[in-house]
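Okay, here's what each chain looks like letter by letter:
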Amino acid sequence: MEIKYQTKEESNKVQQESFLKLRPIERIYAFLNLIKKVNRFPSKKINRKDENFVIELKSTK
């Protein structure tokens, strides 16, 4: 394992360059994998059914 000390801007530039070197289909798969990994992070938000709202459209006929 290698440890590199760099600024945030330098790190972002390296990540962007490596991402842009990928073929378009590889970029899509990388994006989908990122979405999958983000969903694993714990969150404070709790999905409850009572937080939802319903829009009812009533006919005037």
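Each remark here, short or long, concerns the structure printed above.
Considerations on the overall build of the protein chain
Check the secondary structure of the protein chain and you find two helices and zero strands. For the protein chain, with 61 residues in total, the buried portion stands at 0%. Of the roughly 7100 Å² of accessible surface on the protein chain, a fraction of 57% belongs to carbon and sulfur atoms.

Let's talk about the pattern of salt bridges
Close approach of charged atoms allows side chains of opposite charge to pair. Using the criterion set out here, one finds one salt bridge in the structure. For Arg23, the salt bridge is made with Glu26, and the minimal N-O distance between the two is 3.7 Å. Given a relative accessible area of 52%, Arg23 falls into the exposed group. Residue Glu26 is classed as partly exposed on the basis of its relative accessible area of 32%.

Focus: a nonpolar patch on the surface
On the surface, Ile25, Ile28, Tyr29, Phe31, Leu32, Leu34, Ile35, Val38 and Phe41 cluster together into a nonpolar patch covering about 910 Å² of accessible area. Examined against the element boundaries, Phe31 turns out to sit in helix H2 (residues 24-38).

Analysis parameters
Residues numbered from 1 in each chain as written. Predicted model: local features only at pLDDT ≥ 70, side-chain atom pairs only at ≥ 80, totals over all residues. Heavy atoms only, no water. Helix = DSSP H or I, 4+ residues; strand = E, 2+ residues; numbered from the N terminus. Buried < 20%, exposed > 50% of the residue type's maximum accessible area, 1.4 Å probe, protein only. Areas by Shrake-Rupley, 256 points an atom, 1.4 Å probe, with all protein chains shown as cover. Salt bridge = Lys/Arg side-chain N within 4 Å of Asp/Glu carboxyl O. Patch = residues over 30% accessible without salt bridge, like charges linked within 9 Å, V, L, I, M, F, W, Y side chains within 5 Å.

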